[in-house]
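Next come the chains, spelled out residue by residue.
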Amino acid sequence: MLLTIGSAQLVHAQKVEITPHIGYRFGGSMVDYFTGQTYDFNDSESYGVTFNYTLGLMGDTQLDFSWSRQDTDMDVFNLGSYDEFDLTIDQGQVGGLKQWHEDETVRPFLLGSLGATHFSPEGSELSSVTRFAFALGGGVKILPGRHVGVRFQGKLYGTYGSGSAGALCGPAG
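In this text, all values refer to a predicted model and were calculated from it rather than measured experimentally.

Visitor: When you look at the overall build of the protein in this model, what are you seeing that I'm missing?
Guide: A count of helices and strands for the protein gives zero helices and twelve strands. When the helices and strands of the protein are listed from N to C terminus, the series reads β-β-β-β-β-β-β-β-β-β-β-β. Burial status across the protein gives 38% buried among its 173 residues. Carbon and sulfur atoms make up 64% of the accessible area of the protein, which amounts to about 8900 Å² in all.

Structure follows, in structure tokens:
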């Protein structure tokens, strides 16, 4: 889950919004049932940017593209032994955003997207991997001025693990 806090919208024009964001992702874990290893993703900050392009005349539907990065640690437990290594998680998503115009300054929204998650472990025997991912979320845009605003959102990410291990959910998949 990604919580975007206090990110300013640089452009709020008729068609384009650009939103840099900073947030916090909660950790999760997974178990490799074939080897018995447990992998724990630690909580950490994340950052990125979102681009929205308004579709149609009403302005209530937008094409949504987002990129985010999380630099975290992963703890690996394997039959009594423990190992920790740095992990970078990059996510790119393309989807849609539906917003409601409560008034000119408050716009609640829902979003959904598809994309990819790239895991880059450092200092371990594991290699980098990219997997199919999705995201669902919602929030509110507060627009006190014509060209600036604040967007608060929560987002749940899911990343497909592998055909033999099943699907995984959490900040890294």
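Visitor: Any chance you could explain a nonpolar patch on the surface here in plain terms?
Guide: A grouping of Val-16, Ile-22, Tyr-47, Phe-51, Tyr-53, Leu-55, Leu-63, Phe-65, Trp-67 and Val-94 is seen on the molecular surface, where their side chains present a nonpolar patch of about 850 Å² in accessible area. Counting residues per element, the ones that place at least two in the nonpolar patch are β3 (16-25), β6 (44-55) and β7 (61-78). Here the nonpolar patch gets four residues from one element, more than from any other, and that element is β6. Tracing the backbone through its elements, the reader meets Phe-51 in strand β6.

Visitor: What is the right way to read the confidence of the model for the protein from this model?
Guide: Low-pLDDT portions of the prediction should not be read for the details of their coordinates. Of the residues in the protein, 82% have a pLDDT of 70 or more, and the chain-wide mean is 81. Segment residues 1-13 is flagged for pLDDT under 50; beyond a separation of four residues in sequence, or across chains, it makes 58 contacts in the model. pLDDT under 50 marks residues 163-173. Its contacts with residues more than four places away, or in other chains, come to 27 contacts.

Visitor: Sorry, what's going on with the nonpolar core here?
Guide: Judged by nonpolar contacts, Tyr-39, Phe-41, Met-74, Val-76, Phe-85, Leu-87, Ile-89 and Phe-119 together constitute the single largest core of eight residues. If you list the elements that add at least two residues to this core, you get β5 (38-41), β7 and β8 (81-99). Among the elements that take part in this core, β8 stands out by supplying three residues, more than any other.

Visitor: What is the right way to look at the environment of Glu-104 in this model?
Guide: Counting through the fold element by element, Glu-104 comes out in the loop between β8 and β9 (106-122). Its relative accessible area of 61% is what places Glu-104 among the exposed residues. Linking Glu-104 and Pro-144, residues 40 residues apart in sequence, is a C-alpha distance of 8.4 Å.

Visitor: I keep staring at the pattern of salt bridges and nothing clicks. Help me out?
Guide: Oppositely charged side chains can form a pair if their charged atoms are brought close together. Enumeration according to the criterion identifies four salt bridges in this entry. Here Lys-141 makes a salt bridge to Glu-17, at a shortest N to O gap of 2.8 Å. Of this pair, Lys-141 sits in strand β10 (residues 129-142) while Glu-17 sits in strand β3, and the two are 124 residues apart along the sequence. Take Lys-141: its relative accessible area is 0%, and that puts it in the buried class. A salt bridge links Asp-60 to Lys-98; the shortest N-O distance between them is 2.8 Å. With a gap of 38 residues between them, Asp-60 in the loop between β6 and β7 and Lys-98 in strand β8 connect regions that are remote in the sequence.

Visitor: Help me understand the side chain of Arg-25, please; the structure alone is not making it clear to me.
Guide: Inspection of the secondary structure assignment puts Arg-25 in strand β3. One buried charge, Arg-25, has no salt-bridge partner; the nearest side chain with opposite charge is Asp-90, at 8.1 Å. There is a polar contact of 2.4 Å between the side chain of Arg-25 and the side chain of Ser-68. A polar contact of 3.2 Å, which involves the side chain of Arg-25, links it to the side chain of Gln-91.

Visitor: Just to check I follow, could you spell out the packing of aromatic side chains for this structure?
Guide: For any two aromatic rings, the description comes down to two numbers: the centre-to-centre distance and the angle of the planes. Evaluated as defined, the whole model comprises three aromatic pairs. The interplanar angle of 80 degrees and the centroid separation of 5.7 Å between the aromatic rings of Tyr-24 and Phe-26 together place this pair among those described as edge-to-face. Taking relative accessible area as the criterion, Tyr-24 reaches 31% and is therefore assigned partly exposed. On the basis of relative accessible area, Phe-26 is assigned to the partly exposed category, the value being 43%. With centroids separated by 6.2 Å and ring planes inclined at 25 degrees, the aromatic side chains of Phe-51 and Phe-65 adopt a geometry described as stacked. With a gap of 14 residues between them, Phe-51 in strand β6 and Phe-65 in strand β7 connect regions that are remote in the sequence. The class for Phe-51 is partly exposed, based on a relative accessible area of 35%. The ring of Phe-109 has Lys-141 sitting right over it, with the charged end atom 5.9 Å from the ring centre.

Definitions and limits used
- Residue positions are given per chain, counted from 1 along the sequence in the order it is written.
- Local features in a predicted model are, by the rule used here, given only for residues with pLDDT of at least 70; side-chain atom pairs are given and counted only at 80 or more, and totals for whole chains, interfaces and linings are based on all residues.
- Here the side-chain values reflect all heavy atoms present in the structure, with hydrogen atoms and water set aside.
- Secondary structure elements are taken from DSSP: a helix is a run of H or I of four residues or more, a strand is a run of E of two residues or more, and numbering for both begins at the N terminus.
- For the exposure calls, accessible area comes from a 1.4 Å probe over protein chains only, and a residue counts as buried if that area is under 20% of its type's maximum, exposed if over 50%, partly exposed in between.
- Computed with the Shrake-Rupley method and a 1.4 Å probe, the accessible areas treat only the protein chains shown as cover for residues.
- What makes a patch is a set of residues exposed beyond 30% relative accessible area and free of salt bridges, joined within 9 Å when like-charged and within 5 Å when nonpolar (Val, Leu, Ile, Met, Phe, Trp, Tyr).
- Salt-bridge detection follows one rule: a side-chain nitrogen of Lys or Arg within 4 Å of a carboxyl oxygen of Asp or Glu.
- Residue-level confidence of the predictor is what pLDDT reports, using numbers from 0 through 100.
- In what follows, a contact means two residues having at least one pair of non-hydrogen atoms within 4.5 Å.
- Nonpolar cores were defined as sets of buried Ala, Val, Leu, Ile, Met, Phe, Trp, Tyr and Cys residues, with membership established by side-chain atoms within 4.5 Å.
- Under this rule, positive means Lys or Arg and negative means Asp or Glu; His and the chain ends count for nothing.
- Pairs of N or O atoms are called polar contacts if they sit within 3.5 Å, as long as, within protein, a hydrogen donor faces a hydrogen acceptor (for residues adjacent in sequence, only side-chain-to-side-chain pairs).
- When two rings of Phe, Tyr or Trp (its six-membered ring) have centres within 6.5 Å they constitute a pair, described as stacked for plane angles under 30 degrees, edge-to-face for angles over 60, and tilted for the intermediate range.
- Only when the NZ atom of a Lys or the CZ atom of an Arg is both within 6 Å of the ring centre and within 35 degrees of the ring normal do we say a charge sits over the ring.

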